[in-house]
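# Fold and contact review
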Amino acid sequence: MRLVIDNMSNISTFLMSKKGLIAKAVTVMSVIAAFYMAGISKDFSGYETYFSGIRNGGLSFALLSRFEPLFAAISFVVVLFVKSDLFVYLVFVVTAIWIKVSVIRQLAVTWSVLAIIVLFYGARFFPLFELTQIRVAIATSFILLAFLMASKDRVKSAVLFSLVSIGFHFSSFVFLPFILLRKWGVKSAVVLALLILLTLTFVKVRMLDLLSEYMQVIDMYEKVGYGDKVNPLSVTVILDSVMIAVGMAFWRKSSRLMQNVLVVQVVGLALFYAFLDYAVLAHRFREMLSVMWVLYLVHAVQERGVIKYFSYSFVIVNVGLYTYLFYFYKPIF
């Protein structure tokens, strides 16, 4: 009996630890993903066809698809050992979640901070990435890892993880300059965003025409269209814009990593407005870049003073808003 009690005590201690919280987060999100994918996900059917095609066509089929080379190669390897398409997908889901939560753990001083940021990610990004865009989910995991390495001045590791991210999703290339150039001011950030906005306004049509000759996915969008019109003043964009303004106001009191995240967010807005006529690109760039809020918030909620309370408010509003959007307004289940 004592042995049972001791074992139960050890399990309870583990579950309340940071490692235990990681295990719980990964388990819960993976179960949700399995339920969702096995049920009504339209995106899963495409990956299911792809994984089945690899079983029949081998490595050549995997590499000649429209998917990125690293994702294709790893899919081929996983398919060799895992027979269920659902479980192949879950391998990627578990990997993506585990990397993200592990990165947060490296920066969170207490388990409560870890729990808050995991909740933020789970509400805002998990339904968007792990449940529907698994390549983006993996890519953003390695981007967060790259920025963590950069914050520790491990530049080679940061660049390596950035390249791995691009191997899972080509859109990740937009992060690379912020890995290499990590010292910014408010003025330089705003100037950079304006330059990106103005440049793309004039060259985006020609640029996409050129890219369509080399990238299957761009060629597909050029033929079928880039989706519906984008709302330039959606509540989600306004929410992020307010937090960017708050962050800029406390720029001097922010860590270098927090400053770098704010620059990324400003650039994300510039790309969003530059591609307003190309809904898929507008949303994709902003969504991917906005995942960097995770790194900003894990620092900000541990700061003292006003920025801490603004950050907690931002987390609370995000959790409420995106829970409503994903589960009530346009339910994913």
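Everything numeric here is computed off the predicted structure, so don't read it as measured data.

Another aspect to go through is the overall build of the protein. Across its full length, the protein carries 16 helices and zero strands. Put simply, the protein has 333 residues, and 50% of those count as buried. Contacts spanning at least 24 positions in sequence make up 75% of the contacts within the protein whose residues lie at least 6 apart. As displayed, the protein has an accessible area near 16,400 Å², and 68% of this comes from carbon and sulfur atoms.

As for its position among the elements, S102 is in helix α5 (residues 85-107). C-alpha of S102 to C-alpha of L114: the two residues are twelve residues apart in sequence and 9.6 Å apart in space.

Positionally, S234 belongs in the loop between α11 (216-224) and α12 (235-249). Here S234 falls in the buried class, since its relative accessible area comes to 17%. A distance of 3.0 Å separates polar atoms of two side chains, one belonging to S234 and the other to T236.

A few words on unusual backbone geometry. Of note in this structure, D153 is not a glycine but carries a positive phi near 65 degrees. With respect to the helices and strands, the residue D153 is situated in the loop between α7 (134-151) and α8 (155-168).

Each value, and the rule that gives it
- Residues numbered from 1 in each chain as written.
- Predicted model: local features only at pLDDT ≥ 70, side-chain atom pairs only at ≥ 80, totals over all residues.
- Heavy atoms only, no water.
- Helix = DSSP H or I, 4+ residues; strand = E, 2+ residues; numbered from the N terminus.
- Buried < 20%, exposed > 50% of the residue type's maximum accessible area, 1.4 Å probe, protein only.
- Contact = heavy atoms within 4.5 Å.
- Areas by Shrake-Rupley, 256 points an atom, 1.4 Å probe, with all protein chains shown as cover.
- Polar contact = N/O pair within 3.5 Å; in protein donor to acceptor, adjacent residues only side chain to side chain.

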